[in-house]
Amino acid sequence: MSKPVLQVIIASTRPGRVGRVIGEWFYERAVAGGDFDVELVDLAELGLPFLDEPNHPRLKQYEHAHTKEWSAIVERGDAYVFVTPEYNHSFNAVLKNALDYLHQEWQHKAAGFVSYGGLSGGTRAVNSLRQVVSSLKMIPVVEAVNLAFYPQFVEDGTVKPNDVMIGAADAMLAELAKLTGALRPMRLAAA
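For the structure given in this document, a descriptive report is provided here. (Residues numbered from 1 in each chain as written. Predicted model: local features only at pLDDT ≥ 70, side-chain atom pairs only at ≥ 80, totals over all residues. Heavy atoms only, no water.)

## A closer look at the side chain of Lys109
Secondary-structure assignment places Lys109 in the loop between helix H4 (93–100) and strand E4 (110–117). Lacking a salt bridge, the buried Lys109 has Glu75 as its closest oppositely charged neighbour, with an N-O distance of 4.8 Å. Polar side-chain contacts of Lys109 include one of 3.5 Å to the backbone oxygen of Glu75. At 2.7 Å, the side chain of Lys109 and the backbone oxygen of Gly77 are in polar contact. Ignoring sequence-local partners within four residues, the contact set of Lys109 consists of Val74, Glu75, Gly77, Asp78, Tyr80, Lys137, Met138, Ile139, Leu183 and Arg187. (Helix = DSSP H or I, 4+ residues; strand = E, 2+ residues; numbered from the N terminus. Buried < 20%, exposed > 50% of the residue type's maximum accessible area, 1.4 Å probe, protein only. Lys, Arg positive; Asp, Glu negative; His and termini not counted. Salt bridge = Lys/Arg side-chain N within 4 Å of Asp/Glu carboxyl O. Polar contact = N/O pair within 3.5 Å; in protein donor to acceptor, adjacent residues only side chain to side chain. Contact = heavy atoms within 4.5 Å.)

This is the structure we're talking about:
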């Protein structure tokens, strides 16, 4: 049996963002863990317009090529880690839009979070995000990576993790692997 697919989804799209660097660090950590086939998905590269499908996502009757492409990407995943900044005590609109495009593709899959920001390390964004992914029938894990005052961990375009970050990443990956295996029968039954 092949390994489950973990998609590391980078939410930030703004110029000068640090999300790509943080996402690449986590991607490398996940690959090294060996429990998943890992894919890096960058919403800046995807470039979804604001939701423009005439039918409700629950129907899965997509008309636009960009939606069909996004659906195929997400359908391929068995679990997700969302790499998100915190904007005004929540996550960004680009991520909300990407989540709202689809419905069935997200169901019965595990979700984890790598967040970054100032004092809170993006935890307020994750709290908001947990509600949204739960409504899409994803199962969020408790373990997370939160980078408070993130510039101290980024040097010359790479993340310089400390032991706390590494431990949090490994704990989250272990929990995602367990939950992904447990949810597999539900995903197979739905297919």
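## Regarding empty space enclosed by the protein
Applying the stated criterion across every chain, the model contains 1 cavity of 30 Å³ or more. Taken together, Leu43, Leu48, Val94, Asn97 and Ala98 form the lining of the largest cavity. With 3 residues, the top contributor of residues to the lining of the largest cavity is H4. (1 Å grid on protein atoms, 1.4 Å probe; cavity = no way out; pocket = protein on both sides within 12 Å on 5 of 7 lines; lining within 4 Å. Points joined across faces, edges and corners; volume = space filled by probe spheres on them.)

## Let's talk about the pattern of salt bridges
Under the defined criterion, the tally for this structure stands at 11 salt bridges. Across the salt bridge formed by Arg76 and Glu39, the nearest N and O atoms sit 2.9 Å from each other. Of this pair, Arg76 sits in helix H3 (residues 65–76) while Glu39 sits in strand E2 (residues 37–42), placing them 37 residues apart in sequence. Across the salt bridge formed by Glu75 and Lys60, the nearest N and O atoms sit 2.9 Å from each other. With a gap of 15 residues between them, Glu75 in helix H3 and Lys60 in the loop between helix H2 (43–46) and H3 connect regions that are remote in the sequence. In this structure Glu75 comes out as partly exposed when scored by relative accessible area, which is 40%. Look at Lys60 and you get partly exposed, because its relative accessible area is 34%. When salt bridges that share partners are traced, they join Arg17, Arg20, Glu24, Asp42 and Glu45 into one network.

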